[in-house]
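Structural features, examined
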Amino acid sequence: EDQVTQSPEALRLQEGESSSLNCSYTVSGLRGLFWYRQDPGKGPEFLFTLYSAGEEKEKERLKATLTKKESFLHITAPKPEDSATYLCAVRDDKIIFGKGTRLHILP
Amino acid sequence: GAVVSQHPSWVICKSGTSVKIECRSLDFQATTMFWYRQFPKQSLMLMATSNEGSKATYEQGVEKDKFLINHASLTLSTLTVTSAHPEDSSFYICSVSRQGVNSPLHFGNGTRLTVT
């Protein structure tokens, strides 16, 4: 059965404290791994697509990487405005979402 | 700018009534739109795939007679929750994907439905 598992469920960091969020997946044929940011009461906002192991994408303080079994979302020197839930999704025949990591950056 | 517009952003209705949620693709014509439901601290769960000009495809466990989907044009899909009950209270989100097998989904801002 295809699965997407994100860890940790929640993460509290001080402003400027870098860290990484993990997304582990098991799918028979990966056709894309997606990262989204979701603010409370809003729909997910698309961040990155990764297609193959070794691929990396960057946007401001975020960098996403991909291996054959997992993806990491690295956040460097985060700011309070980076607080949100970060969702990972993988596409096989369908798009399957993880439960997300709730990130809280303390000023 | 926004790719998808969803309306209303929130709605409160009484048990037994029906509620319609609209989803518009703003940037491109979408032959396919997707409806998701999200409970607090849970994954987005795909409810159905809306196909322009034909019947929607529902996921296992989703009642097609309760969640009516209409995709009458290339830019508009609607989800109607019929005879709503308190357990239907949830966050409903629509999404679209550009042409291209591996394109990401772009989401609307969701509709918070509360059934009293």
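First, a word on scope: everything that follows refers to the structure included in this document. Values in this document were obtained by computation on a predicted structure and should not be read as measured data.

1. Here we look at the pattern of salt bridges
Residues and elements named next belong to chain B. Counted by the stated rule, this structure contains seven salt bridges over all chains. As a salt-bridge pair, Glu-22 and Arg-24 come within 3.7 Å of each other at their nearest N and O atoms. By relative accessible area, which is 27% here, Glu-22 ends up partly exposed. Residue Arg-24 is classed as partly exposed on the basis of its relative accessible area, which comes to 36%. For Asp-88, the salt bridge identified is with Lys-66, shortest N-O distance 2.9 Å. On the criterion of sequence distance, the pair formed by Asp-88 in the loop between strand E8 (76-81) and strand E9 (90-97) and Lys-66 in the loop between strand E6 (57-58) and strand E7 (67-73) is long-range, its members being 22 residues apart. Lys-66 shares its class with Asp-88; the two are buried.

2. Topic: the state of the cysteines
Working definition: the covalent bond between the sulfur atoms of two cysteines is a disulfide. Tallied over the entire structure, the rule returns two disulfides over all chains. For A:Cys23, the disulfide goes to A:Cys88, at an S-S distance of 1.9 Å. The S-S bond linking A:Cys23 to A:Cys88 shows a torsion near -60°; that makes this disulfide left-handed. In this pair, A:Cys23 is assigned in strand E3 (residues 19-26) and A:Cys88 in strand E9 (residues 84-91), connecting sequence segments 65 residues apart. By relative accessible area, which is 0% here, A:Cys88 ends up buried. Paired by a disulfide, B:Cys23 and B:Cys94 hold their sulfur atoms 2.0 Å apart. Between B:Cys23 and B:Cys94 the sulfur-sulfur dihedral comes to about 80°; the bridge is accordingly right-handed.

3. Regarding the interface of chain A and chain B
How big an interface is tends to be stated in terms of accessible area lost as the parts join. In this complex, chain A contributes 19 residues to the contact, which on the side of chain B involves 20 residues. Considering only the side of chain A, the residues that lose the most area to chain B are A:Pro44, A:Phe97 and A:Lys99, jointly responsible for 28% of the buried surface there. Here chain A is connected to chain B by one salt bridge. The shortest N-O distance in the salt bridge between A:Lys94 and B:Glu59 comes to 2.6 Å. The interface formed by chain A and chain B holds eight residue pairs in polar contact (both at pLDDT 80 or more) in total.

4. Comments concerning the sheet that holds E8(B)
All names here are of chain B. Spatial ordering of the open sheet is given by E1-E3-E8-E7, a layout of four strands whose pairing is antiparallel. A strand with exactly one partner marks an edge of an open sheet, and here the two such strands are strand E1 (4-7) and E7. Strand after strand, the sheet turns through a mean of 15° between neighbouring axes, direction not considered.

5. Topic: unusual backbone geometry
For the bond from A:Ser7 to A:Pro8, the omega torsion is -10°, close enough to zero to count as cis. Residue placement: A:Pro8 occurs in the loop between strand E1 (3-7) and strand E2 (10-14). Located in the positive-phi region is B:Ser83, a residue other than glycine, with phi close to 45°. Along the polypeptide, B:Ser83 turns up in the loop between E8 and E9.

6. Considering the side chain of B:His106
Checked against the element boundaries, B:His106 lands in strand E10 (residues 105-107). Setting aside residues up to four positions removed in sequence, B:His106 forms contacts with A:Phe46, B:Val3, B:Val4, B:Cys94, B:Ser95 and B:Val96.

7. Brief notes about the sheet that holds E3(A)
All names here are of chain A. On the basis of which strands lie adjacent, the open sheet formed by five strands has the order E1-E3-E8-E7-E6 and antiparallel pairing. In the strand order of this sheet, the two ends are held by E1 and strand E6 (56-59), each with one partner. Across this sheet, the average inter-strand angle for adjacent strands is 15°, counted without regard to direction. Sheet topology note: the E6/strand E7 (residues 62-66) ladder contains four bridges and is antiparallel. Along E7, the bridge assignment pairs Glu-58 with Lys-63.

Thresholds, definitions, all that
- Residues numbered from 1 in each chain as written.
- Chains lettered and ligands numbered in written order.
- Predicted model: local features only at pLDDT ≥ 70, side-chain atom pairs only at ≥ 80, totals over all residues.
- Heavy atoms only, no water.
- Salt bridge = Lys/Arg side-chain N within 4 Å of Asp/Glu carboxyl O.
- Buried < 20%, exposed > 50% of the residue type's maximum accessible area, 1.4 Å probe, protein only.
- Helix = DSSP H or I, 4+ residues; strand = E, 2+ residues; numbered from the N terminus.
- Disulfide = S-S within 2.5 Å.
- Contact = heavy atoms within 4.5 Å.
- Buried area = accessible area lost by both parts, 1.4 Å probe.
- Polar contact = N/O pair within 3.5 Å; in protein donor to acceptor, adjacent residues only side chain to side chain.
- Pairing = 2+ DSSP bridges.
- Axes fitted to C-alpha atoms, helices over the stretch in contact; angles between N-to-C directions.

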